[in-house]
Amino acid sequence: MRMQPFVYLEPKTLKEALTMLDQNKEKLKIISGGTEIVPLMKLHLIRPQFVMSLKRLSSLKGIQEQRGKIVIGAATTLTEIIESPLMNSLFKGIVEASKSIAAPQIQNIATISGNILQDSRCLFYNQSEIVRGGLEPCFKLKGYLCRAVKGAKRCYSVYQGDLAPILIAFNAKAKLERKGGGRVVSVSDLFSGNGKQPINIEKEEMLTKIILPIPRGNTGSSYQKLRMRGSIDYSLASSASVVYLNDNNKIMDICVVIGAAGPAPKIVPIASLPKDNMLSDEYIESVAQAAYKIAETVNNQILPGLYRRKVIKVLVKRALSNSLKNVPGGR
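What you see is a predicted model; the values in this text were computed from it and never measured. (Residues numbered from 1 in each chain as written. Predicted model: local features only at pLDDT ≥ 70, side-chain atom pairs only at ≥ 80, totals over all residues. Heavy atoms only, no water.)

1. Here we look at the nonpolar core
Link 1 in the chain: Among the nonpolar cores identified, the biggest contains 42 residues, and Ile 94, Leu 167, Phe 191, Ile 210 and Leu 212 are the most heavily contacted of them.
Link 2 in the chain: A total of 6 residues in this core trace back to one element, the largest contributor, which is helix H9 (residues 163-169).
Link 3 in the chain: One finds Leu 245, Ala 288, Ala 291 and Ile 312 within the second-largest nonpolar core, a separate group that totals 27 residues. (Core = buried A, V, L, I, M, F, W, Y, C linked by side-chain atoms within 4.5 Å. Buried < 20%, exposed > 50% of the residue type's maximum accessible area, 1.4 Å probe, protein only. Helix = DSSP H or I, 4+ residues; strand = E, 2+ residues; numbered from the N terminus.)

Quick look at the structure:
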């Protein structure tokens, strides 16, 4: 499938990139690794007049510790995250999530920002133009129906990014910059919850950094996912979990986030911490059940929605159990 013609932009500085973005806004798409944008362009799901590459912007690459925080450049590759001693020592779950994405060849070029900001997906939407041409357009194609849910008043496409759930569990923040200014928001605020337009970023804004607070005390984390083929497919269900412990290895807080369960990652409501300071089977089951209740799964992926929803319970249990195993020095 051929892409439509476009103008290729290759800024050498962040200032130049922000100027280009400001000038072109809705006509421009940013490309870093290109592992999502290029397939969408080939399917003619997006038709940008300008494609701006970030490959020359060294300021957007790398992992650094700065004043009690870890700062990851938006154009940092998954391989850099996987191989980082700093990330392996403090954020095991993020490394697990990075390893779970595609194959090493893709990890070498795919970036953290590209994985976070990917569009939501649906079997009825992510098709060739020939297939789509024979169907009435859905919400994501500026139509007025959802092909996955008859009579639905909104889009039920699914956000399937792997890094966002675990970053949200770690309370990560994102720096968004535009010409003349910028802002810092939580990673969870990057998502609108609307499948039709899932990413909550202005057209003239660019994600430039991910900021992770260094956890106090000991922290265990894990990321678990379901997919059909390990080297290719997107997540069909996922769970990220972080267990925060104090210096005495007592549980201070727990955060569980599920993915591929709606148009945005979902934070699982946890009513209270375990009274006996142990993640008992009963406590883990209660968290898994809470995740099951909030999961939104319909038949718009390669596996049935009900099956994926049941699997989420299993993944939550695995993530919580493995989080304790991943505590530095054991628990």
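The rest of the description comes next.
2. Some thoughts on the sheet that holds strand E12 (residues 266-267)
Link 1 in the chain: Across the sheet, 4 strands lie side by side as E9-E10-E11-E12; this open sheet has antiparallel pairing. Looking at the sheet topology across the chains shown, the edges are occupied by strand E9 (218-226) and E12.
Link 2 in the chain: Judged from the 9 bridges that link them, E9 and strand E10 (residues 237-245) form a sheet pairing that is antiparallel. Bridge pairing in E10 places Gln 224 opposite Ser 239. (Pairing = 2+ DSSP bridges.)

3. Details of helix H10 (residues 281-294)
Link 1 in the chain: Look at H10: 20 Å from first C-alpha to last across 14 residues, which is about the 20 Å you get at 1.5 Å a residue.
Link 2 in the chain: All buried positions along H10 are accounted for by Tyr 283, Ile 284, Val 287, Ala 288, Ala 290, Ala 291 and Tyr 292.
Link 3 in the chain: Packed against the buried residues of H10 are strand E11 (251-259) and helix H11 (305-325). (Expected span 1.5 Å × (residues − 1). Contact = heavy atoms within 4.5 Å.)

4. Quick look at the environment of Leu 90
Link 1 in the chain: Within the secondary structure layout, Leu 90 lies in helix H4 (residues 85-90).
Link 2 in the chain: A relative accessible area of 26% places Leu 90 in the partly exposed class.
Link 3 in the chain: Setting aside residues no more than four positions away along its own chain, Leu 90 makes contact with Ile 70, Phe 170 and Ile 214.

5. Observations concerning a nonpolar patch on the surface
Link 1 in the chain: Taken together, the side chains of Met 3, Phe 6 and Tyr 8 define a hydrophobic patch exposed on the protein surface, amounting to about 260 Å² of accessible area.
Link 2 in the chain: By the secondary structure assignment, Met 3 is in the segment before strand E1 (7-9). (Patch = residues over 30% accessible without salt bridge, like charges linked within 9 Å, V, L, I, M, F, W, Y side chains within 5 Å. Areas by Shrake-Rupley, 256 points an atom, 1.4 Å probe, with all protein chains shown as cover. Salt bridge = Lys/Arg side-chain N within 4 Å of Asp/Glu carboxyl O.)

6. Focus: the pattern of salt bridges
Link 1 in the chain: One pass over the structure, following the stated rule, counts 13 salt bridges.
Link 2 in the chain: With a shortest N-O distance of 3.6 Å, Lys 25 and Asp 22 are connected by a salt bridge.
Link 3 in the chain: Exposure remark for Asp 22: the relative accessible area of 26% places this residue in the partly exposed category.
Link 4 in the chain: Close ionic contact of Arg 183 with Glu 205 constitutes a salt bridge, the shortest N to O distance being 2.7 Å. Highlighted residues: Arg 183 in strand E7 (residues 181-186) and Glu 205 in the loop between E7 and strand E8 (206-213), separated in sequence by 22 residues.
Link 5 in the chain: Through salt bridges with shared partners, a single network forms among Arg 178, Arg 183, Glu 204 and Glu 205.

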